[in-house]
Amino acid sequence: MLKYDTIKALDDEYVLQTYHRFPALIVQGSGCSVWDNRGNEYLDLLAGIAVDSLGHCHPAVVSAITRQAQQLMVASGYVLTAPQAQLAKRLCEISGMDRVFFANCGTTANETAIKIAKKHGLSKRPDGDYEIVSLLGSFHGRTLGSVSAGGQRKHQRPFEPLVPGFRHVPINDLKALREAVSHKTAAIIVEPIQGESGVHPCTTTYLQLARELASEHDAMLIFDEVQTGIGRTGAWFNYQKHNVLPDLVCLAKGLGGGFPIGCTLARGKAATLIVPGEHGSTFGGNPLACAVALAVLDAIENHRLMDEVNEVGPYLQAQLKSLGSFDDVRGEGLMIGATLKQDNAKDVVRLAFEKRLILNATDERTLRFVPPLILTKKQVDQAIAILAEVLGVERTVAVSAPAARPEPLHDLLTIDDLSDARLEELLALASYLKQRRAVSPSPIVPVEGRTVALLFEKPSLRTRLTFEAAVQELGGYPVYLAKSDVGLGSREAVQDIGSNLAEWCSIIVARLYWQRDLEALARIADVPVVNALTEMEHPLQALADMMTIREEFGDERVKIAYVGDGNNVARSLAKVATRMGYPFTICGPENFRLEPMAGVEQTGDLETGLADAKVVYTDVWISMGDEHEQEHRLKIFESYQVNRDVMRMAAKDAIFMHCLPARRGFEVTDDVMDSPQSRVVPQAGNRLHTAKAVLQTIMG
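What this report covers is the structure whose coordinates are included nearby. As the structure is a prediction and not an experimental result, all values here were calculated from the model.

### A short note on helix H3 (residues 59–69)
Working step 1: Of the residues making up H3, those classed as buried are Val61, Ala64 and Gln68. Buried residues in H3, looked at end-on, bunch into an arc of 65°, giving them a common side.
Working step 2: As for H3, its buried residues are in contact with helix H4 (82–95) and helix H11 (287–302).

Here it is as structure tokens:
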């Protein structure tokens with residue numbers, strides 16, 4: 001299993017030290033979140049520096065990679081591939097450009113534009129019309145040509161002498177731009193919003209003047225939209241918001257949704273200058289990258305993400321301004337810079353990371369926000385709450401900050417061990433883990449490297465498989481111990497088993513006959529103990545049941561009718577349901593009911609008990625420890641079999657649930673078990689997710 005210290009040591013020894021890294025080992029991501037190897041979740045408002053436009057591991061991106069990787073990943077530029085041609089057409093349609101050159105990243109896209117501009121200048125006058133006007137504070141990449149084009153001395157000084165021919169002027173200074181452009185100018189290169197220097201937008205007037213001067217002096221206008229392009233500012237390209245059409249546009253970052261790709265769009269003369277042999281890229285335009293980019297464009301368009309950007313972006317700016325800690329908040333869409341009143345930006349970034357929020361400081365006073373385009377207002381509120389805490393600001397505007405976490409959970413022996421808040425937390429976590437498993441199946445690992453004992457005095461295939469899968473997906477090691485392995489209460493006393501298992505294992509999941517033995521085990525063992533079933537309760541089953549009911553009916557507090565024996569399953573489900581406000585009725589023989597419980601009605605009349613019920617639930621009539629009563633019980637419960645007639649007594653949209661395994665033909669008939677109303681399969685599946693939620697809550 002991955003360890004932070006191990007990986008950091010490898011990084012320190014073998015990787016060129018070009019970044020100051022955050023102190024965590026990030027192992028996966030989904031949506032606007034990433035997780036470290038310990039299972040800690042971070043809200044990511046940096047998104048790989050404006051790269052993860054759809055969020056981490058978006059299903060459209062994962063699907064496109066998987067599908068294309070099974071067909072063709074790379075081919076040389078000497079052969080024709082469909083994804084490249086299809087992507088080129090799509091980009092030209094949304095940009096107003098004529099042709100595309102595909103590169104690997106933003107800096108190689110800018111290098112392409114610079115080479116085209118240089119050739120254009122030489123075609124004007126071979127003895128020297130090769131000057132390129134750029135802006136102070138700009139950033140165009142890390143290659144020598146792009147560094148020379150950039151307007152920041154801190155990036156240039158270590159690599160002098162630079163490529164000659166670049167002139168730099170201040171951003172939004174109309175006079176300086178006019179004076180710099182002449183017949184010697186081959187091109188003007190501009191970031192419509194300077195990103196790396198702190199998110200500084202060019203004005204519409206400035207960009208329009210650049211267009212006029214370029215046309216007047218037969219120069220090319222290059223827009224570096226590596227960071228601003230592909231929806232980040234609320235339009236496909238930022239130049240579309242200014243009604244200024246450049247000759248060359250450079251793209252990368254968000255175009256691949258996390259997969260490396262870059263390209264240069266060209267129109268008019270700029271699209272015809274380069275001829276075969278003068279430029280190329282081994283990996284540029286590979287089928288895999290192009291297939292992903294097509295999926296990204298489709299997702300942005302189909303999900304109307306630019307509309308969301310134009311709504312959430314201003315909301316983020318407004319919330320930042322409300323903190324009162326910034327001299328200036330600026331930008332467009334979800335590309336925002338905020339200048340602090342003090343020179344403490346790097347400290348703010350560090351403290352925010354400690355509170356699980358990822359930001360970026362471009363200098364000592366400026367924070368940069370370039371989150372995924374799927375960012376929600378609720379996530380903005382979460383980020384603002386963390387920033388307010390870091391900055392020591394008392395909020396004057398209410399935000400939906402995360403609720404305080406309940407006290408740590410140790411043992412789970414009965415539903416009564418869970419507070420109302422903990423019940424809600426576990427159900428929400430289980431639902432989240434289920435969704436995330438479908439989208440991004442690689443596991444988070446709060447149980448990393450730890451051993452979990454599965455102590456099963458009473459065997460169960462489903463419960464064993466549920467916990468073995470849950471422990472493994474959470475990064476741990478399940479050890480199954482059957483009754484014959486331990487001899488609980490016969491060969492070995494509970495106190496001896498409990499003390500020994502606590503020495504070897506980090507948690508004990510116990511499926512025992514008697515609640516008293518479970519409680520004794522929990523008293524002896526120093527490690528947490530989880531009830532996987534006793535004769536009194538089945539808490540994990542009840543959580544899975546409630547998760548299934550909420551998936552079906554949402555927040556509606558539907559009536560639940562439990563038919564049959566008032567056993568351990570009925571008791572745990574009744575506790576969960578009544579505490580969460582669900583009407584609960586038990587229909588069964590008078591001598592086989594639960595002890596009186598607040599909120600629980602008990603009746604022997606099926607029609608009365610099932611009236612208006614939207615959940616019909618049953619379990620085996622012969623529970624563990626009751627085998628000696630089998631003949632008697634079968635006769636007593638015969639009239640409580642759930643069949644089609646019984647289901648018709650409930651609401652028309654009622655669902656059927658069962659704590660498997662079922663004895664078909666006894667407590668339930670085949671035509672109900674296999675009917676469209678049956679939810680027994682997803683109900684059983686949800687046991688995995690609730691088991692993971694409990695284990696993660698205890699161990700994480």
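### Considerations on the nonpolar core
Working step 1: The biggest cluster of nonpolar side chains holds 84 residues, and the ones touching the most others in it are Leu91, Leu320, Leu367 and Phe369.
Working step 2: A per-element tally of this core places H11 first, with ten residues.
Working step 3: Ignoring any residue separated from it by four or fewer positions in sequence, one finds Leu320 in contact with Phe326, Val329, Ile336, Phe369, Ile384 and Leu387.

### Remarks on the pairing of strand S14 (residues 335–340)
Working step 1: Of all six residues in S14, six are buried, a share of seventy percent or more.
Working step 2: The side-chain alternation of S14 yields two buried faces, one formed by Met335, Gly337 and Thr339 and the other by Ile336, Ala338 and Leu340.
Working step 3: By the bridge criterion, six bridges tie strand S13 (residues 326–332) to S14 in an arrangement that is antiparallel. Bridge assignment links Glu332 to a residue of S14, and that residue is Met335.
Working step 4: If you look at the hairpin formed by S13 and S14, you'll find two residues sitting between the two strands, and Gly333 has a positive phi there, around 55°.
Working step 5: In this structure, S14 lies alongside strand S17 (residues 366–369), joined through four bridges in antiparallel fashion. The residue bridging Gly337 from the neighbouring strand is Arg368, located in S17.

### Concerning unusual backbone geometry
Working step 1: Going from Glu160 to Pro161, the amide bond is cis rather than trans, its omega being 5°.
Working step 2: With respect to the helices, strands and loops of the structure, Pro161 is situated in the loop between helix H7 (153–156) and strand S6 (166–169).
Working step 3: For the bond running from Leu660 to Pro661, omega is 5°, close enough to zero to count as cis.
Working step 4: Within the fold, Pro661 resides in the loop between strand S26 (655–658) and helix H25 (670–673).
Working step 5: Positive phi, normally seen in glycine, also occurs at Asn172, with a value near 65°.
Working step 6: The phi dihedral of Arg356 is positive, around 70°, even though this residue is not glycine.
Working step 7: Within the secondary structure layout, Arg356 lies in the loop between helix H13 (345–354) and strand S15 (357–358).
Working step 8: Judged by relative accessible area, Arg356 falls into the partly exposed class, the value being 30%.

### A short note on the pattern of salt bridges
Working step 1: Scanning the entire structure with this criterion turns up 35 salt bridges.
Working step 2: Taking the shortest distance from any N to any O, the salt bridge between Arg579 and Asp420 comes out at 3.0 Å. With Arg579 in helix H21 (residues 568–579) and Asp420 in helix H15 (residues 420–439), this pair connects stretches of sequence that are 159 residues apart.
Working step 3: Residue class for Arg579 comes out partly exposed when judged on its relative accessible area of 29%.
Working step 4: The residue Glu473 makes a salt bridge to Lys692 at a minimum N-O spacing of 2.8 Å. In this pair, Glu473 is assigned in helix H16 (residues 461–473) and Lys692 in helix H26 (residues 680–699), connecting sequence segments 219 residues apart.

Reading the values: the criteria
Residues numbered from 1 in each chain as written. Predicted model: local features only at pLDDT ≥ 70, side-chain atom pairs only at ≥ 80, totals over all residues. Heavy atoms only, no water. Buried < 20%, exposed > 50% of the residue type's maximum accessible area, 1.4 Å probe, protein only. Helix = DSSP H or I, 4+ residues; strand = E, 2+ residues; numbered from the N terminus. Arc of directions from axis to C-beta. Contact = heavy atoms within 4.5 Å. Core = buried A, V, L, I, M, F, W, Y, C linked by side-chain atoms within 4.5 Å. Pairing = 2+ DSSP bridges. Salt bridge = Lys/Arg side-chain N within 4 Å of Asp/Glu carboxyl O.

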